[in-house]
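Next come the chains, spelled out residue by residue.
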Amino acid sequence: MITLTRRYRFPAAHVLRSSRLSDAENERTYGKCANQAGHGHDYGLEVSVTGPLDPRSGAILAVDRLDAIVQGRVLDRLSHRLLNDDPWFGTRVPTAEQIALVIEAELAAAIAAESSARLVGVRLLETRRNYFSCGERAA
């Protein structure tokens, strides 16, 4: 199996607080990230796809097509935003794990609808020390 992986960046902010927890429980659970003023990250995003090679181009998916899907479905929506305000996170705390999962769901459907490629992994880099992966190639 051969995969195509593209890297992207987007700045966004979030507040890690659950309405189901008390202030003390939120602070115990999320630490300084529970601050109601929020904080931001310059997220890195890696998107990996696989599929049959197009006989004419020899490629899985044209990189400009993948770029357009990611831009339209994820980057335009999340860049320079408070993630807590996005409907994707209406019932979930926008932890990096949740962000990766909603991006994976959004991109899997969009890529499948527009090509013969399929999404095999999403990796969200939150800090220099933290990244979160989901999909077939999660690791």
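Below, the structure is looked at part by part. None of these values were measured; they are calculated from a predicted model.

1. Some thoughts on the packing of aromatic side chains
Enumeration according to the criterion identifies 1 aromatic pair in this entry. Here the aromatic rings of F10 and Y43 are separated by 5.1 Å at their centres, their planes lie at 25°, and the arrangement is stacked. With F10 in strand β1 (residues 3-14) and Y43 in strand β2 (residues 39-50), this residue pair connects regions lying 33 residues apart in the sequence. A residue is classified by how much of its surface remains accessible, and F10, at 0% relative accessible area, is buried. On the basis of relative accessibility, which here comes to 0%, the residue Y43 falls in the buried class. Seen from the ring of W88, R77 lies directly overhead, with NZ or CZ sitting 3.9 Å from the centre.

2. Side note on the pairing of β1
Across 12 bridges, the pairing between β1 and β2 is antiparallel. Across the sheet, residue A12 finds its bridge partner in β2, namely H41. As paired elements, β1 and strand β3 (residues 81-82) share 2 bridges and run parallel to each other. Residue pairing in the sheet places A12 in a bridge with R81 of β3.

3. Describing helix α3 (residues 96-114)
The end-to-end C-alpha distance of α3, which contains 19 residues, comes to 27 Å, matching closely the 27 Å that a straight helix rising 1.5 Å per residue would cover. What α3 keeps buried is the set A96, I99, A100, V102, I103, E106, L107, A110 and I111. In an axial view of α3, the angular spread of the buried residues amounts to 170°, which keeps them on one side of the axis. Of the exposed residues in α3, those oriented more than 90 degrees away from the buried face are A105, A112 and A113. Looking at the buried side of α3, the elements it contacts are β1, β2, α2 (63-78), β4 (118-125) and β5 (131-134).

About the criteria used
Residues numbered from 1 in each chain as written. Predicted model: local features only at pLDDT ≥ 70, side-chain atom pairs only at ≥ 80, totals over all residues. Heavy atoms only, no water. Phe/Tyr/Trp six-rings, centres within 6.5 Å; stacked < 30°, edge-to-face > 60°. Helix = DSSP H or I, 4+ residues; strand = E, 2+ residues; numbered from the N terminus. Buried < 20%, exposed > 50% of the residue type's maximum accessible area, 1.4 Å probe, protein only. Lys NZ or Arg CZ within 6 Å of the ring centre and 35° of its normal. Pairing = 2+ DSSP bridges. Expected span 1.5 Å × (residues − 1). Arc of directions from axis to C-beta. Contact = heavy atoms within 4.5 Å.

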